[in-house]
Amino acid sequence: MARSSSPPPSARPVGSATRGTTNPNRLRRMDRWIAATHGPQLRRTADPVAVDLGYGAAPWTAVELLDRLRTAHGDTQVVGVEIDPERVAAAKPYERDGLTFLHGGFEVPLPGAPGRSPALIRAANVLRQYDEAEVVAVWARLCARLAPGGLLVEGTCDEIGRRHVWVALGPEGPRTVTFAARLAALSTPSDLAERLPKALIHRNVPGEPVHAFLRDFDRAWAAAAPYGALSARQRWIRSARTLHAAGWPLTDGPHRWRQGEVTIRWDALAPGGTGA
Ligand SMILES: C[S@@+](CC[C@H](N)C(=O)[O-])C[C@H]1O[C@@H](n2cnc3c(N)ncnc32)[C@H](O)[C@@H]1O
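Nothing here was measured: the structure is a model prediction, and the numbers come from that model.

Engineer: Would you mind going over the pairing of strand β2 (residues 77–82) with me for this structure?
Structural biologist: Looking along a regular strand, one sees the side chains alternate between the two faces of the sheet. Across the six residues that make up β2, a large majority, six, are buried. Residue alternation in β2 divides its side chains into two sets, Q77, V79 and V81 and V78, G80 and E82, and both sets are buried. Sheet topology places strand β1 (residues 49–53) next to β2; five bridges connect them, and they run parallel. Note on β2: the bridge partner recorded for V49 is Q77. Between the parallel elements β1 and β2, the chain passes through helix α2 (residues 60–72) in a crossover that is right-handed. Judged from the five bridges that link them, β2 and strand β3 (residues 99–103) form a sheet pairing that is parallel. Bridging from a neighbouring strand, V81 pairs with L102 of β3. Since β2 and β3 lie parallel, the crossover through helix α3 (residues 85–91) that links them has a hand, and here it is right-handed.

Engineer: Got a minute to help me understand unusual backbone geometry in this structure?
Structural biologist: Apart from glycine, the bulk of residues carry a negative phi angle, and the bulk of peptide bonds sit in the trans form. Even without being a glycine, V108 presents a positive backbone phi close to 55°. In this model, N125 sits at a positive phi of 60°, which is unusual for a non-glycine residue. Locating N125 in the fold gives a position in the loop between β4 (120–124) and α4 (135–145). We classify N125 as buried; it has 26 C-beta atoms within 10 Å.

Engineer: Any chance you could explain the packing of helix α1 (residues 28–44) against α2 here in plain terms?
Structural biologist: Between two packed helices, what matters for the description is the angle formed by their axes and the separation of those axes. Running from amino to carboxyl end, α1 crosses α2 at an angle of 50°, the nearest separation of the two axes being 8 Å. Accordingly, the angle class assigned to the pair α1 and α2 is oblique. For α1 against α2, the interelement crossing comes out right-handed. Contacts between α1 and α2 pair D31, R32, A35, G39, L42 and R43 from the former with E64, L65, R68, L69, T71 and A72 from the latter. For the contact of α1 with α2, the class distribution of residues is five nonpolar, two polar and five charged.

Engineer: Would you take a moment to explain the nonpolar core for this structure?
Structural biologist: When a protein is soluble and globular, its nonpolar side chains tend to lie buried together. Counting 67 residues, the largest nonpolar core has A50, V51, V78, V108 and I121 as its most contacted members. Per element, the largest residue contribution to this core is six residues, and it comes from helix α6 (residues 209–223). Discounting residues that sit within four places of it in the chain, A50 has contacts with L65, L69, T76, V78, P118, A119, L120 and R122.

Engineer: I tried to follow helix α7 (residues 232–245) on my own but got confused; where do I start?
Structural biologist: Each turn of an α-helix holds 3.6 residues, which means side chains three or four residues apart point in the same direction. Relative to the 20 Å expected for 14 residues at 1.5 Å per residue, α7 spans 20 Å between its end C-alpha atoms, a close match to the ideal helical length. Those residues of α7 that fall on the buried side of the exposure criterion are R235, W236, I237, R238, S239, A240 and L243. If you follow the buried residues of α7, they end up packed against α6, α8 (254–257) and β8 (261–265). Looking one or two residues beyond α7, the residue adopting positive phi is G247, at roughly 105°.

Engineer: Explain α1 here, please?
Structural biologist: Helix length check: α1, at 17 residues, gives a terminal C-alpha distance of 23 Å against a target of 24 Å (1.5 Å per residue), a fit within 8%. Along α1, the helix axis deviates most sharply at H38, where the bend reaches about 60°; the proline P40 sits within four residues downstream. Taken together, the buried positions of α1 are R29, M30, D31, W33, I34, T37, H38 and L42.

Rules behind the numbers
Each chain has its residues counted from 1, following the order in which its sequence is written. Given that this is a predicted model, residues contribute local features only at a pLDDT of at least 70 and side-chain atom pairs are listed and counted only at 80 or more, while totals for whole chains, interfaces and linings are drawn from all residues. Whether a residue is buried, exposed or partly exposed follows from its count of other C-beta atoms within 10 Å of its own C-beta, namely 20 or more, 12 or fewer, or something in between, respectively; the C-beta atoms are built from the backbone. Helix and strand labels come from DSSP, where a helix needs a run of H or I of at least four residues and a strand needs a run of E of at least two; each type is numbered from the N terminus. Any two strands with at least two DSSP bridges between them are considered paired. Crossovers are described as right-handed under a simple rule: with the strands pointing away from the observer, the path leading from the first strand over the helix to the second runs clockwise. Note on definitions: angles span 0 to 180 degrees between N-to-C directions of axes, and those axes are lines fitted to C-alpha atoms, for helices only across the stretch in contact. In what follows, roughly perpendicular refers to angles from 65 to 115 degrees, roughly parallel to angles under 35, roughly antiparallel to angles over 145, and oblique to any angle outside these ranges. By definition, turning the near helix anticlockwise from the far helix through less than a right angle yields a left-handed crossing, and turning it clockwise yields a right-handed one. By the convention adopted here, residues are in contact when the distance between their C-beta atoms, placed from the backbone, does not exceed 7 Å. Only Asp, Glu, Lys and Arg are considered charged, only Ala, Val, Leu, Ile, Met, Phe, Trp, Tyr, Cys and Pro nonpolar, and every remaining residue, Gly among them, polar. Put simply, a nonpolar core is buried Ala, Val, Leu, Ile, Met, Phe, Trp, Tyr and Cys residues tied into one set by C-beta atoms within 7 Å. Here the expected span of a helix is defined as 1.5 Å times the quantity of residues minus one. The bend reported for a residue corresponds to the angle between axes fitted to the seven residues ending at that residue and the seven starting there.

Keep in mind that these numbers describe shape and distance, not what the molecule does.
Right under this line is the structure:
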């Protein structure tokens, strides 16, 4: 049987406990995107272990991540890592084949052999409660834990997962930002601004790229209003086409736009005051 590599009692987990708010099915949009975009890499990985970092006061998101990733690769294992030991104790009864819960923090402990590294780390609604100045160091620490070809997905959503924004990072650093929404409940794309991840939420001000992007997205959405007579989905797809034609480096296409997503290269939104 695999032995736990949890830190000894003297080694404090890295980070600090925060509010444990979670909800069933809250992270479905993120899970589906991960399964679709990272599934092929998981299938190529000899040790397909995924971490749900900071799963919160109940283990739902880890249980659901396992179910959704197993549609991509039947041998996937999920390890829920929480910095609050009471939340780990509460989750333990939900352990089952492929699902384990461990006490830990940004050092990301894994059960099994020392040196084991995750093919995926998902941190949802965790960094939002840290300072913006901490984000880059946390990202670097988490990226350094990834297996070759691994992915870190870090982002934020509302209580029931209708509005979501996340950053995807490889071992080398940030790659993309994804905006995802239940389109029927969206009045404008910039409604998503309140769910920007910590690295971007304070940058939604004139002069910053993320502000320019959301402004252009709103303009494209307004111009696409006639498509709303067909469906909100058609209006979103039309808006994404307009953004793409205007030079915003979207990395996905109609197949994902139909899901109410738009993904853009990180360097186009990275803070730095180059937005028009
Ligand atoms: C708001 S809850 C999010 C729960 C779940 N991920 C979701 O999105 O529904 C944030 C959780 O992250 C945990 N947390 C904060 N910092 C952490 C760290 N460094 N390592 C592990 N867990 C952490 C908190 O204790 C809290 O339970």
